[in-house]
Amino acid sequence: MFASMLGFVLSIVVLFFIIFISISALVSSASSDKAVPVLSGSILHVYFKEPLEERSSENPLKNFNFSSFSSSSQPGLNDIIKDLKKAAIDPKIVGIYLDISEISGGMATVETIRNALLEFKKSKKFIYAYSDYYSQGSYYLTSVADQIWVNPEGAVELKGIAAQVPFLKGLLEKLEIEPQVIRHGKFKSAIEPFILDKMSDENREQLSTYVNAFWNHIVNGIAAARKVEAENVKLMADSMLLQTAENALEYKMIDKIAYKDEFLDLLKSKVGNGDGKEKELNLVSLKKYTKAPDPAPVKEFTRDKIAVIYAVGDIVSGKGERDQIGSETLSETIREARQDDKVKAIVLRVNSPGGSALASEVIWHEMELARKQKPVIVSMGDVAASGGYYISCNADTIVAQPNTITGSIGVFGLMFNAQKFFNNKIGITFDTYKTGPYSDLGSSVRPLTSSERQILQNSVERVYGTFTKRVSDGRKMTVDLVDSLGQGRVWAGIDAFNLGLVDVLGGLDDAIAIAAKSAQLENYRIVELPEQKDALQQIVEEMSGDVSTRYLKYKLGDKFEMFNYMDKIYRMEGVQTRLLNEPIFQ
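First things first, this report covers the structure right here in the doc.

Notes on the overall build of the protein chain
Step number 1: Across its full length, the protein chain holds 22 helices and 24 strands.
Step number 2: Looking at the protein chain residue by residue over its 586 residues, the buried ones come to 48%.
Step number 3: Partitioning the contacts of the protein chain with sequence separation of at least 6, the portion at a separation of at least 24 is 75%.

Written out as C-alpha cells, the structure reads:
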C-alpha cells in the first residue's frame, strides 16, 4: 500500500515537473525577441489551423495542447499582414505556398488577407495553392493564387451564402417563460428570436440585402481572379456544378489535378539552382516568419507615434473580462493616447456587435475628447454594428471593408417573466412586500405593468434619440436621415459606404495611412494598445481562470456557441445597442 502511495506521489511530482518545464520553455519562447533566420530560396508557408483573431496573443497557453505539450498558436491579423508585406520585399522569400482547406474567420478578416495577397503579387513572386479540398471561404481567399491545384478526389465548394438565425420562441413557450420586449427600430431584429418562430418581413429584407451584397462581392472577386464571367460563377454555385475536381478544372476554377507530392515537386522546381537541379524545400511558417528580420531599411528613429487601439468583443460597463470591451478599460486607453504628446493620431480598430448603451456612450465621450486634440480614425473589422457603430460614429474618418457588418442603429430592452415557469414547472411561488409601486421593477417573477412598460419604453426612446443625435453630429447628417438609415437596420460595408455611414473602403493599413496624412506624418511608429500582459502573468490567469467554461467548450464543441448565446442574454444589463442574433454564415 505504501509503495503504491509513494509511486502515486512520485508520479504527481514528475508530472508537475514536466508541466513546469514545458510552461517555462513556452514562456521563454514567447518572451524571446531572438530573430529567426531565413535561408535563401525559402517559401512562405501560409496555413491557418485556428480561428483568425485581430491581434497576435502573447499568451503561450493559448491553443496549447496538454496531451502533446505543443501549441498550435498562429499570428493574429496584425502580424499576418505585416508578414505578407515583409515577404514581398524579402530577397530570401521566393514565393508563397497557400495551404488552406478551411478558414475560420469573419468575411472582412478574410478580405483583408486576400487584399494583402493581391498586394504581394505586385512583387512578381509566385503564389501557388494546393489542398485536398477547398471550402467556399478558403477558395475565395485562394482564388488570387497564380496556380490552384487540388487532390484528384478533392473538390471546390461553391454554393452561395446561407444565413441562419436561431429562434427560441417555441422553447420559451414550453417553459412558460414570457419575453417582455421594448425596442425602437422595426429592423432591430435582436429580439425576434424570443417572440417569433421565423424572420419578420423587415428582418428578411435587411438580411437579404446585405447577404446578397456579400455574395456579389465574393462572386466578382472570384471572377476577376480566375478571369471568368461573374454570371458563370453564380451559375456554378446555384447549380452545384463543382461536385468533383474534374468539374472544377473544366470550369477553370483550378489549374491542375494532382497529388501533393507532385505539387511539392513544382515548388522544388521554382527554387532550383538554375542548372536544372532541384533543391529541397525550405518552407517557413507565418509563426516563424513573424520573428524573422525585416528587410526594409531601418527608418530614422522618431518619437512620433500612431496609436492603434483594439476594441474587440461585446461592449460592457466597467473593466470587462477577456474578449469584452470594458467601457472603463477602453476609455482609459483612449485617454492615455489622447494625453500622450508623442501620439499624434489614434486609430480605433473596432470588431464588436455592440452591447450596453450606457457603456457605448461612455466610450463615445472619450472618443469625442480625443477627436478635439488629434486625428481619430476608425477601422472596422468583421462587425462594427449597433454599439460598435455608436463608438465609431464621431471619428474623423471611418474605414470599413465591403463585407463588414455595420449600422444597426437601434435600441432594445429585454426582460423575461418566468412566473409561470416557477409556478407550474417546478412549484415555486413568490410573495412580495414593497414600499412603493415600482420597488420591484425588473422582477423576473411577474409581468410588467402597463405603466412600467411605458417607463422602459421612454428609456429606450431617450437612448435612441441620443444614438441618432450622435450619428447625426458625427456623420454631418440630419437626424431624420439617420433615422431613415437606422431603425436597427444592418448594412454591408459597401452599402454603408454608399449611404455615407462609412467614408472609405479598406482595411487597417488604409486607416493608418489616413491617420498619418491627417497628422502630417511621414515618419512614425505604430504602438498597439491596450498593452498585452506579459506571458507569465497570462499563464497564471489562464491556469486560475474559469475551468468550467473551458470544460464546456470541450464537451459541447460546436454547440458551445448556442450556450454562449444564451449566456450573453442572461448577462445583459440595462438598455442595449447590440446586434444579438448575428447570422451564422455557412
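Points about the pairing of strand β1 (residues 42-46)
The two faces of a sheet get side chains in turn, since along a regular strand they alternate between them.
Step number 1: The buried fraction of β1 amounts to five of the five residues, a majority that puts the element mostly inside the structure.
Step number 2: Side chains S42, L44 and V46 of β1 all project onto a buried face; the interleaved residues I43 and H45 project onto the opposite face, where all are buried too.
Step number 3: One ladder, built from five bridges, connects β1 with strand β4 (residues 93-98); its direction is parallel. Along β4, the bridge assignment pairs I43 with G95.
Step number 4: Direction of pairing for β1 relative to strand β10 (residues 283-285): parallel, over a ladder of three bridges. Bridged to I43 within β10 is L283.

Things to note about the environment of S40
Step number 1: Mapped onto the elements, S40 comes out in the loop between α1 (2-31) and β1.
Step number 2: According to the relative accessible area criterion, S40 is exposed, its value standing at 56%.

Here's the deal with the sheet that holds strand β5 (residues 126-131)
Step number 1: The six strands are arranged β9-β6-β5-β4-β1-β10 in an open sheet whose pairing can be described as parallel. The sheet is open, and its two edges are formed by β9 (256-257) and β10, each paired on a single side.

Some thoughts on empty space enclosed by the protein
Step number 1: Applying the stated criterion across every chain yields a total of two cavities of 30 Å³ or more.
Step number 2: The computed volume of the second largest cavity comes to approximately 30 Å³.
Step number 3: Around the second largest cavity, the lining residues are V46, F48, I80, L84, L98, I113, L117 and L286.
Step number 4: The set of elements that each furnish at least two residues to the lining of the second largest cavity consists of α2 (77-89) and α3 (107-120).

A closer look at the nonpolar core
General note: in soluble globular proteins, nonpolar side chains tend to be found buried as a group.
Step number 1: The biggest cluster of nonpolar side chains holds 66 residues, and the ones touching the most others in it are L44, F48, I96, L98, I113 and L117.
Step number 2: Residue contributions to this core peak at ten residues, all from helix α7 (residues 201-226).
Step number 3: For L98, the residues in contact, after removing those within four places along its chain, are V46, L117, I127, Y128, A129, Y130, T142 and A145.
Step number 4: Counting 48 residues, the second largest nonpolar core, distinct from the first, contains I182, L330, Y389 and I409.

Notes on the packing of α2 against α3
Step number 1: Where α2 contacts α3, the axes come no closer than 9 Å and their chain directions differ by 10 degrees. In terms of their interaxial angle, α2 and α3 are classed as roughly parallel. In this structure, α2 uses L77, I80, I81, L84, A87 and A88 to contact α3, whose residues at the interface are T109, T112, I113, A116, L117 and F120.
Step number 2: Looking at side-chain class alone, the contact of α2 with α3 contains ten nonpolar, two polar and no charged residues.

With respect to the pattern of salt bridges
Step number 1: Scanning the entire structure with this criterion turns up 25 salt bridges.
Step number 2: A salt bridge links D83 to K86; the nearest nitrogen and oxygen atoms lie 3.9 Å apart. Of this pair, D83 and K86 both sit in helix α2, three residues apart, which is roughly one turn of that helix. Exposure class is identical for D83 and K86. Each is buried.
Step number 3: Two residues, R489 and E205, come together in a salt bridge whose shortest N-O distance is 3.1 Å. With R489 in the loop between α17 (479-485) and β20 (490-492) and E205 in helix α7, this pair connects stretches of sequence that are 284 residues apart.
Step number 4: In this structure, a network of salt bridges that share partners links the residues K434, D440, R446 and E452.

A look at a nonpolar patch on the surface
Step number 1: On the surface, I426, I428 and F430 cluster together into a nonpolar patch covering about 270 Å² of accessible area.
Step number 2: Structurally, I428 can be placed in the loop between α15 (419-425) and α16 (450-475).
Step number 3: Judged by its relative accessible area of 35%, I428 falls in the partly exposed class.

The rules we used
Residues numbered from 1 in each chain as written. Predicted model: local features only at pLDDT ≥ 70, side-chain atom pairs only at ≥ 80, totals over all residues. Heavy atoms only, no water. Helix = DSSP H or I, 4+ residues; strand = E, 2+ residues; numbered from the N terminus. Buried < 20%, exposed > 50% of the residue type's maximum accessible area, 1.4 Å probe, protein only. Contact = heavy atoms within 4.5 Å. Pairing = 2+ DSSP bridges. 1 Å grid on protein atoms, 1.4 Å probe; cavity = no way out; pocket = protein on both sides within 12 Å on 5 of 7 lines; lining within 4 Å. Points joined across faces, edges and corners; volume = space filled by probe spheres on them. Core = buried A, V, L, I, M, F, W, Y, C linked by side-chain atoms within 4.5 Å. Axes fitted to C-alpha atoms, helices over the stretch in contact; angles between N-to-C directions. Parallel < 35°, antiparallel > 145°, perpendicular 65-115°, else oblique. Nonpolar A, V, L, I, M, F, W, Y, C, P; charged D, E, K, R; others polar. Salt bridge = Lys/Arg side-chain N within 4 Å of Asp/Glu carboxyl O. Patch = residues over 30% accessible without salt bridge, like charges linked within 9 Å, V, L, I, M, F, W, Y side chains within 5 Å. Areas by Shrake-Rupley, 256 points an atom, 1.4 Å probe, with all protein chains shown as cover.

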